[in-house]
Structure formats: C-alpha cells, structure tokens
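Each chain, letter by letter, is given below.
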Amino acid sequence: MEIIIQPTYARLAEVAAEIIRDALLKKPNLVLGLATGSTPIGVYEALVQMHRTDRLDFSNVTTFNLDEYVGIPPDHPYSYHTFMRTHLFNLINIPVENYHIPQSTVVGHAEFCERYEAAIVDAGGIDIQVLGIGRDGHIGFNEPSSSLGSRTRIKTLTRGTLEANASHFGGTVDTVPKMAITMGVGTIMEAKQCLLLASGGPKAEAIANAVEGPITAEVPASVLQMHPRAVVIIDDAAASQLKRVDYYKQVYANKLELLSRDG
Ligand code: F6R
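Conventions used here
- Residues numbered from 1 in each chain as written.
- Predicted model: local features only at pLDDT ≥ 70, side-chain atom pairs only at ≥ 80, totals over all residues.
- Heavy atoms only, no water.
- Near = heavy atom within 4 Å.
- Polar contact = N/O pair within 3.5 Å; in protein donor to acceptor, adjacent residues only side chain to side chain.
- Areas by Shrake-Rupley, 256 points an atom, 1.4 Å probe, with all protein chains shown as cover.
- Nonpolar A, V, L, I, M, F, W, Y, C, P; charged D, E, K, R; others polar.
- Salt bridge = Lys/Arg side-chain N within 4 Å of Asp/Glu carboxyl O.
- Helix = DSSP H or I, 4+ residues; strand = E, 2+ residues; numbered from the N terminus.
- Axes fitted to C-alpha atoms, helices over the stretch in contact; angles between N-to-C directions.
- Parallel < 35°, antiparallel > 145°, perpendicular 65-115°, else oblique.
- Left-handed = near helix turned anticlockwise from the far one by under 90°.
- Contact = heavy atoms within 4.5 Å.
- Phe/Tyr/Trp six-rings, centres within 6.5 Å; stacked < 30°, edge-to-face > 60°.
- Buried < 20%, exposed > 50% of the residue type's maximum accessible area, 1.4 Å probe, protein only.
- Core = buried A, V, L, I, M, F, W, Y, C linked by side-chain atoms within 4.5 Å.

A. Structural detail: the site of the ligand. The full set close to the ligand counts 14 residues, and T39, D67, H138, G140 and K203 are the nearest of them. At a separation of 2.8 Å, an oxygen atom of the ligand approaches a polar backbone atom of S38. At 2.7 Å, a side-chain N or O of H138 approaches an oxygen atom of the ligand. Relative to its unbound accessible surface of 410 Å², the ligand loses 87% to contact with the protein. In terms of residue class, the shell around the ligand is built from 4 nonpolar, 8 polar and 2 charged.

Structure follows, in structure tokens:
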C-alpha cells in the first residue's frame, strides 16, 4: 500500500484530485468508481475547479458509484443520485448516459446487481476507485463480516452506519433506509487502482486497522493490503494511530524527490 499523509483535509483532497486529473489527461475515456459521503466532497470540488479553470474534460469519462440506499427514489434529497448530481455531475461536462449509480427502487434487485457488474466489465473495468472508510472499517456498504470476495448485492446496514447517516434522514436511526445496494469487496478489488481517503481523528482507528492490522472480513478495508495499487490518502488526524507514520512520510518524500529528478 502507498500511504500519503497530508497535514490537512484540503491537501488530501487536492492530492486525490491530482491523481485523478493526471490519469484523465493520459486516458480521456477513464472509468472512475466513485463514493459519496463527506470525505470525497473536497475531491469533487477540486475536480470541478479543474474543469472550470483548466478545462479538464469529462466528456468521455464513465463512472460507477459504489452504492445507494434501497427504496428511496433517485430524486430524494439524500439519495446518492442527488448527492452526485449536486457535488459533481451537474458541475462538469459528463454526459448523463455515462454515469451509473445503483437503482435501488428497481424490481428485481438481483438481476439489477448482475447488470451493474456486467456494465462495469463492458466499460473495460474501473481504472480508479475512490473509497471512503466507515469507522467500523467498511468500504462501500460492505459492513464488517462481508465476504472479501463479495459482488454487487444488497447489504443490511449496521446500527453504527444507520447512526452515522441519521442526520440526513430526520435525525433518528428509524428513518434511515435499513439496506443498500453496494458493489462487493471483490468488485472493488478488481479496480486497477484504489484511492482510500480518510480525514479526522474519528477515522484513525479504522485506518490503523485497515493499514496495519490483519486482513479480515471484520475490517473490510483491510483487504486493500492485497491490492497491487492501493493508495491511502489521509490527513494527520486520521493517521494518528498508525505505527509507522515517519516511515510512510519518508517513503512519500522520496517518491516526490525521484519524480522531481525525473522532471
Ligand atoms: C459511500 C460509501 C461509504 C463511505 C463511508 C465514509 O458511498 O461508500 O463507505 O465512504 O461510510 O463516509 P464519510 O466519508 O461520510 O465519513
């Protein structure tokens, strides 16, 4: 794993956006896997800024979102469809037919999940998958105990996840949808590169478990230790429970030095 530790959330968002921009400049028909939640918002803001000021072109980009709550319509104010349109899709030049978000109101969820997986394959696979992490170590909505080989399917959300999202649904866990469609851990692992983002002290334990703990279904993000191109981009607070902070910082400083020497 490559561990990039930045002093602030703003810097980690910029670093992640720069990785995506550089990949997009090399491959205009980039396939992106996207996450919702508070963590990637700064990354999307930076990409929108690059689109506006540097004309970063999303017209040939295809995207697949990780997840969506079951049973809420796409135009619900707290659906992930609304989130993505508000924070990214309506602000860049991506054609509407190029972005994909699980449709959680469909009849026949199992068939939908199979079609979603097939669409990712048809697009050539995901080049870069953006991930946040739950305090319990979940990625997508793959809660602890999810099979590390799982595919896109419906998952029941844990009480902790319901509580974390309650503020969006009137403040009580009773009003939060209890299930979500999510890409599986196995689906995520097939992305060519994964960017795991985390900010703030409340994520420090999950990051320590994911990066330095054993690989276990109890911490789904820990499987990224097996991914050949997993990049963990975090701020100092989220890094605060890692044992090897100085080493990770040295590795990254050396990489930047080599890159600057190569021009
Ligand atoms: C959302 C998703 C989730 C979040 C995670 C962290 O699409 O996949 O795994 O990334 O719950 O959420 P935030 O960023 O709000 O702390």
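B. Inspection of the pattern of salt bridges at higher detail. For the coordinates displayed, the defined rule picks out 10 salt bridges. Linking R151 and E190 is a salt bridge whose minimum nitrogen-to-oxygen distance equals 2.9 Å. Separated by 39 residues along the polypeptide, R151 in the loop between β6 (128–131) and β7 (153–156) and E190 in the loop between α6 (185–189) and β9 (193–198) bring together distant segments of the chain. Put simply, R261 and E257 hold a salt bridge, and the shortest N to O gap is 2.7 Å. Of the two residues, R261 and E257 are both situated in helix α8 (residues 245–262); the distance of 4 residues between them amounts to about one turn of the helix. Among the ionic contacts, a cluster of salt bridges with common partners joins K27, D127 and K192.

C. Structural view of the packing of helix α1 (residues 9–26) against helix α2 (residues 41–54). Between α1 and α2, whose axes approach to 8 Å, the crossing angle comes to 55 degrees. Here α1 lies oblique to α2, going by the angle between them. Considering only the axes of α1 and α2, their crossing is right-handed. Judged by residue contacts, Y9, A13, A16, A17, E18, I20 and R21 of α1 engage I41, G42, V43, A46, L47 and M50 from α2.

D. Here's a closer look at the packing of aromatic side chains. In total, this model carries 9 aromatic pairs according to the counting rule given. Geometrically, the ring pair formed by Y69 and F169 is edge-to-face, given 5.1 Å between the ring centres and 85 degrees between the ring planes. Within this pair, whereas Y69 is found in strand β4 (residues 67–69), its partner F169 is found in the loop between α5 (159–165) and β8 (179–182), the two being separated by 100 residues in sequence. The same class applies to Y69 and to F169, which are both buried. Among the aromatic residues, those joined into a ring-pair cluster are Y69, Y78, Y80, F141 and F169.

E. The arrangement of the nonpolar core in detail. Ranked by internal contacts, the top residues of the largest apolar core, which has 38 residues, are I207, I234 and L242. For this core, the secondary structure elements donating two or more residues are β1 (2–6), α4 (109–122), β9, α7 (204–212), β10 (230–235) and α8. If one sorts the elements of this core by residue count, α7 sits on top with 5 residues. Those residues in contact with I207, other than ones at most four positions away along the chain, are I133, L196, A198, E212, V232, I234, A238 and L242.

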